[in-house]
Number of protein chains: 2
Amino acid sequence: MDFYQHVFAGNPLDRCEVERRDEDWIAEKAKDPDSRFLPMRGPNVLVNADAAGNGEPALGWLTWQDLEPHVNGAAPLLLGLQDGATYFAIDLSADENAAVAVEAMGGYRFEEARAAAENLLSAPEAGIMAQGRAQVNWHNRHRFCSVCGYPTVVKRGGQKRECPACKAEHFPRTDPVIIMLVFDGDRCLLGQSRGRLQAMNRYSALAGFMDQGEAIEEAVAREVMEEAGIRVKNVRYHSSQPWPFPSSLMIGCHAEADTTGINMDDEEMTDVQWFNRSEVLLALEDKSEKLRLPGPIAIAHHLIKSWAYGEVS
Amino acid sequence: MDFYQHVFAGNPLDRCEVERRDEDWIAEKAKDPDSRFLPMRGPNVLVNADAAGNGEPALGWLTWQDLEPHVNGAAPLLLGLQDGATYFAIDLSADENAAVAVEAMGGYRFEEARAAAENLLSAPEAGIMAQGRAQVNWHNRHRFCSVCGYPTVVKRGGQKRECPACKAEHFPRTDPVIIMLVFDGDRCLLGQSRGRLQAMNRYSALAGFMDQGEAIEEAVAREVMEEAGIRVKNVRYHSSQPWPFPSSLMIGCHAEADTTGINMDDEEMTDVQWFNRSEVLLALEDKSEKLRLPGPIAIAHHLIKSWAYGEVS
């Protein structure tokens, strides 16, 4: 890897672009005893407490034989290929009993996806789960055609949904979000958003969804102006992270402050402040009483760290 | 501007994040004689042949008074503010007579949006049109709730749609697309996609929609492998461009080839080839007989140019 690889990136599966155009191949693989299925249940993913027999938890992959009695019509969603085996995600949330039955198989339990990635899973498994989590969520919210209102059907192992009535095709969506650390020499701009956990002293980089018809650099400038009333210059891309809650692409940037007086949007934010590098360095080591920062699971952590360590100026 | 500004970026309107949360403010501005409305009709936008009286074409902005007899229930979509005036887009495609009536006002005609941006409009106006074009398209394809199938209603001047039945909120979508120029020393990789104009000798950078659960750099590597069978390294972000056909965000990158033998996906591509820098330099000046490249409207042109001119290596 020669780029900044965040949690939820690094999915090792081959997404098999060619094979996933072939409905027959997908149907055959969905019954193949060598295929593996990852059950999801709303925001939760199946974990196997002791997958390799060494006491280490991992994703709870099941065979079709194990799963079939509990599927109740749920469509397997193709994730990809690895070492000759085909991997699918499957959403069991429509049937409460299915999830109970799967957990009763012993050694398996559903865990909240973000917590699982943070505490239990290897990087490749967190990447696979990110893909499955985003797919399951999208299918759950797109059972009907947005063009005509008719129920849609899953095609290409979940790569699209089609409307039998008006023939519209619908593809999974990924929402670009810009997240940016604004700095002014030895201080950086951090905020507390409304609607997130407003724990004492917890701050992060500013962020927001991209709007239609704007470039990344324009979205950064707009969002910083909206949330903090600050003009920026020299917007620079740093790295990106898939964030499957439910389906964002976090586009991480640094930007220099061109003005420094804060004029906060108090409908979106509860606080925006400049913090000195010394305070930020303490917070990165969890030693600050004034400031708590996001952990390494979040791209914000790495944007802040690379500035605080002097990699950006 | 301290970043690479492409056509369709540079929209000068203030998207008025605070005001657009206020339905009453929007309703009032929609009737304000100082407000301006940009009629769209499917893929076309209204152009005024002589907006400033100097024979130069520009976007065809109408007042509510001019427009009201032809609106037929179409919802004004808020674009933003400039110099105290409020700007909206409005889709007249549901009523053939409306478009005819507007053109009959004299001096106005509907032009295909991409051609208008390429040939008629200033950069700020192309930016405004990009926002309007993407919004109108999204609303056209989201009249029904994808969660339950019920007809949805426009809220916040078009910034969202709501379902009166299940209360789901739906926000406009922007699809991230990666587009990358792969190079190997003094040659670069260009392709011809199936489904686009397969004019003789016309090639461009490889590109594709991002998939769910992947970082930008991963998507670049996957897409180049899928389309050309080539492994890449050192993926670097270059610039981005809003591309409102219908609602893409083009994320432009350069990448170095790590392998060089081409293994083309012949369902997606009709040809992929290495081209020498000398040939590319000729093509950029429209002097090559072997190679024709996209024009400056497309980010591909600038990715190719910056490599050919030695800005990337």
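These notes cover the structure that comes with them.

Parameters and conventions
Residues numbered from 1 in each chain as written. Chains lettered and ligands numbered in written order. Predicted model: local features only at pLDDT ≥ 70, side-chain atom pairs only at ≥ 80, totals over all residues. Heavy atoms only, no water. Least-squares fit on C-alpha atoms with pLDDT ≥ 70 in both. Buried < 20%, exposed > 50% of the residue type's maximum accessible area, 1.4 Å probe, protein only. Helix = DSSP H or I, 4+ residues; strand = E, 2+ residues; numbered from the N terminus. Arc of directions from axis to C-beta. Contact = heavy atoms within 4.5 Å. Buried area = accessible area lost by both parts, 1.4 Å probe. Salt bridge = Lys/Arg side-chain N within 4 Å of Asp/Glu carboxyl O. Polar contact = N/O pair within 3.5 Å; in protein donor to acceptor, adjacent residues only side chain to side chain. Disulfide = S-S within 2.5 Å. Phe/Tyr/Trp six-rings, centres within 6.5 Å; stacked < 30°, edge-to-face > 60°.

**Describing the relation of the copies chain A and chain B**
Right, so step 1: Least-squares fitting of chain A to chain B yields an RMSD of 0.0 Å, with the transformation described by 0.0 Å of translation along the axis and a rotation of 180°. Classification of the inter-copy transformation places it as that of a two-fold axis. In terms of C-alpha distance to the rotation axis, chain A has Gly149 of chain A as its closest residue, with the C-alpha 2.1 Å off the axis.

**Observations regarding helix 1 (residues 23–30) of chain B**
Residue and element names in this part refer to chain B.
Right, so step 1: All of the buried residues in helix 1 are Trp25, Ile26, Lys29 and Ala30. One side of helix 1 holds all its buried residues, which, seen down the axis, span an arc of 135°. With respect to the buried face of helix 1, the exposed residues turned more than 90 degrees away are Asp24 and Glu28.

**Some words on the environment of Pro294 of chain B**
All names here are of chain B.
Right, so step 1: Among the structural elements, Pro294 can be located in the loop between helix 7 (277–284) and helix 8 (299–308).
Right, so step 2: A relative accessible area of 15% means that Pro294 is categorised as buried.
Right, so step 3: For the pair Pro294 and Ser204, spaced 90 residues apart in the sequence, the C-alpha separation amounts to 6.4 Å.

**Some thoughts on the interface of chain A and chain B**
Right, so step 1: Of the residues lining the interface, 57 residues belong to chain A; the matching set on chain B comes to 55 residues.
Right, so step 2: Roughly 4800 Å² of surface becomes buried between chain A and chain B when both sides are summed, with 48% attributable to carbon and sulfur atoms.
Right, so step 3: Considering only the side of chain A, the residues that lose the most area to chain B are Arg15, Arg173 and Gln212 of chain A, jointly responsible for 15% of the buried surface there.
Right, so step 4: Between Glu268 of chain B and Arg21 of chain A there is a salt bridge; the shortest N-O distance is 3.4 Å.
Right, so step 5: Where chain A touches chain B, the interface holds 36 residue pairs in polar contact (both at pLDDT 80 or more).

**Section: the state of the cysteines**
Right, so step 1: Counted under the stated rule, the structure contains zero disulfides over all chains.
Right, so step 2: Among the cysteines around Cys148 of chain B, which has no disulfide bond, Cys163 of chain B carries the closest sulfur, lying 3.5 Å off.

**Brief notes about the pattern of salt bridges**
Right, so step 1: Inspection of every chain in the model, using the stated rule, returns 50 salt bridges over all chains.
Right, so step 2: Put simply, Asp211 of chain A and Arg20 of chain B hold a salt bridge, and the shortest N to O gap is 3.0 Å. Of this pair, Asp211 of chain A sits in the loop between strand 12 (206–209) and helix 6 (216–228) while Arg20 of chain B sits in the segment before helix 1, each in a different chain.
Right, so step 3: Taken together, the shared-partner salt bridges connect Arg15, Glu17, Arg20 and Arg21 of chain A together with Asp211, Glu214, Arg222, Glu223, Glu226, Asp265, Glu267 and Glu268 of chain B into one network.

**Brief notes about the packing of aromatic side chains**
Right, so step 1: Taken as a whole and assessed by the stated rule, the structure comprises 15 aromatic pairs over all chains.
Right, so step 2: With 5.2 Å between their ring centres and 75° between their planes, Trp243 of chain A and Phe245 of chain A make a pair best called edge-to-face.
Right, so step 3: Residue classification places Trp243 of chain A among the buried residues on the basis of a relative accessible area of 14%.
Right, so step 4: Overall, Phe245 of chain A belongs to the partly exposed group, its relative accessible area being 23%.
Right, so step 5: Taking 4.9 Å as the distance between ring centres and 65° as the angle between the ring planes, the aromatic pair formed by Tyr203 of chain B and Phe275 of chain B counts as edge-to-face. A residue pair is termed long-range when its members are at least 10 positions apart, and Tyr203 of chain B in the loop between strand 11 (187–193) and strand 12 (206–209) and Phe275 of chain B in strand 15 (residues 269–276) qualify at 72 residues.
Right, so step 6: By relative accessible area, which is 6% here, Phe275 of chain B ends up buried.
Right, so step 7: Members of the aromatic cluster, each reached through a chain of ring pairs, are Phe8, Trp243 and Phe245 of chain A.

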